[in-house]
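Structure at a glance
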Amino acid sequence: MFRRTDPAVVPPIDPYDPSGTAFGERCTIDGIDWGVHLGDDLRVKAGTPVRAVADGTVVYARFIPGSPVKRNWGGIVIVRHRFKTGTLYSLYGHIVDKHITVGQRVKQGQEIGAVAEKLTPRNGWWRDEHLHFGLYRGPWNGKVLPGFYREDQELTRPEWWLNPVEVLKVG
C-alpha cells in the first residue's frame, strides 16, 4: 500500500491551487447530491498543461463526453505509479490528452494533456474550466474511477483515496 513517506510526487499544475471543489467536500449541484468529492478541482484556463506527478504507466485513457444534462469526465487519464511500499494511481479528468495511450510509460513532469474548454464534450459539459485531480490507492479493476463517493454506490471506498494537498505537501 502506498504510504505518504514514498518518493515525492509533484503537482500536475504549478502552482497547485484547489480553487474549485476540494477533496472530501460534499457536493450538491443543480439540486443533485453528487456525494463526497474524491479529488481536488483546480480552476485554470483551458489549454493549461497537465503533467504526470511521478513516473508511471498509463492504465486508462478515454474520452467520456457525457451530455449537457448528464455531465461526465470528458478526457480522462489514469496513471499507475509503483513505489517500494505500494502502488498509487493518479487521475486527471476534464483534459484534452496529448496522444496518451494505455500501456505508455510517462515520466514525472511529462505533459500528458491540457485542461479542456468549459461546456464542451472534452470537459464533460462542466460549467467551468478545471482539472479534476485525484490520488487513489485501492484495487484496480481496469475500469474508470469515480470523481465522487456516495454511500449508495459500491464503486469505491473513501479510504482508498488520498487528499492531494497532503500528499503533495502544498497549501
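Going by the structure above, here's the rest.
Not measured: the values here are computed from a predicted model.

Let us now look at the sheet that holds strand β4 (residues 49–51). Pairing is antiparallel in the open sheet, where three strands are placed in the order β4-β10-β8. Across the chains shown, the open sheet's two edge strands, defined by having one partner strand only, are β4 and β8 (95–97). Here the strands of the sheet are splayed against their neighbours by 40° on average, with no regard to which way each runs. Pairing analysis gives three bridges linking β8 to strand β10 (residues 111–115), with the strands arranged antiparallel. Residue pairing in the sheet places Asp97 in a bridge with Gly113 of β10.

Within strand β7 (residues 86–93), seven of the eight residues are buried, which leaves the element mostly enclosed by the surrounding structure. As defined by bridge partners, strand β6 (residues 74–83) adjoins β7 across eight bridges and the pair is classed as antiparallel. Bridge pairing in β7 links Ile76 to Gly93. Hairpin geometry of β6 and β7 is characterised by an intervening segment of two residues between the two adjacent antiparallel strands. Here β7 pairs with strand β11 (residues 130–136) via five bridges, running antiparallel. In the strand pairing of β11, Leu91 is matched with Gly134.

This part covers the pattern of salt bridges. Under the defined criterion, the tally for this structure stands at four salt bridges. Notably, a salt bridge pairs Arg51 with Glu111, separated by 3.9 Å at the nearest N-O pair. Of the two residues, Arg51 is situated in strand β4 and Glu111 in strand β10; the sequence distance between them amounts to 60 residues. The partner of Asp55 in a salt bridge is Lys107, with the nearest N and O atoms 3.9 Å apart. Pair noted here: Asp55 is in the loop between β4 and β5 (56–64) and Lys107 is in the loop between β9 (105–106) and β10, with a separation of 52 residues, a long-range link. Of the residues examined, Asp55 reaches a relative accessible area of 37% and is grouped as partly exposed. Through salt bridges with shared partners, a single ionic network connects Arg51, Lys98 and Glu111.

Applying the stated criterion across every chain, the model contains seven aromatic pairs. For the ring pair Tyr89 and Trp140, a centre distance of 5.3 Å and an interplane angle of 25° mean the geometry is stacked. Of the two residues, Tyr89 sits in strand β7 while Trp140 sits in the loop between β11 and β12 (148–149), which places them 51 residues apart along the sequence. On the basis of relative accessible area, Tyr89 is assigned to the buried category, the value being 8%. Members of the aromatic cluster, each reached through a chain of ring pairs, are Tyr60, Tyr89, Tyr136, Trp140, Trp160 and Trp161. The lysine or arginine in question, Arg71, covers the ring of Trp126, its NZ or CZ lying 5.0 Å from the ring centre.

Another point: the environment of Arg82. Considering the arrangement of structural elements, one finds Arg82 in strand β6. A residue is classified by how much of its surface remains accessible, and Arg82, at 60% relative accessible area, is exposed. Put simply, Arg82 and Gly56 are 26 residues apart on the chain and 6.9 Å apart in space, counted from C-alpha to C-alpha.

Moving on: the environment of Tyr149. On the secondary structure map, Tyr149 appears in strand β12. The class of Tyr149 is buried, set by a relative accessible area of 16%. With sequence-adjacent residues up to four places away left out, Tyr149 is seen in contact with Trp34, Gly35, Val36, Leu38, Thr156 and Pro158.

Reading the values: the criteria
Residues numbered from 1 in each chain as written. Predicted model: local features only at pLDDT ≥ 70, side-chain atom pairs only at ≥ 80, totals over all residues. Heavy atoms only, no water. Pairing = 2+ DSSP bridges. Helix = DSSP H or I, 4+ residues; strand = E, 2+ residues; numbered from the N terminus. Axes fitted to C-alpha atoms, helices over the stretch in contact; angles between N-to-C directions. Buried < 20%, exposed > 50% of the residue type's maximum accessible area, 1.4 Å probe, protein only. Salt bridge = Lys/Arg side-chain N within 4 Å of Asp/Glu carboxyl O. Phe/Tyr/Trp six-rings, centres within 6.5 Å; stacked < 30°, edge-to-face > 60°. Lys NZ or Arg CZ within 6 Å of the ring centre and 35° of its normal. Contact = heavy atoms within 4.5 Å.

Scope: geometric values only; no functional claims are made or implied.
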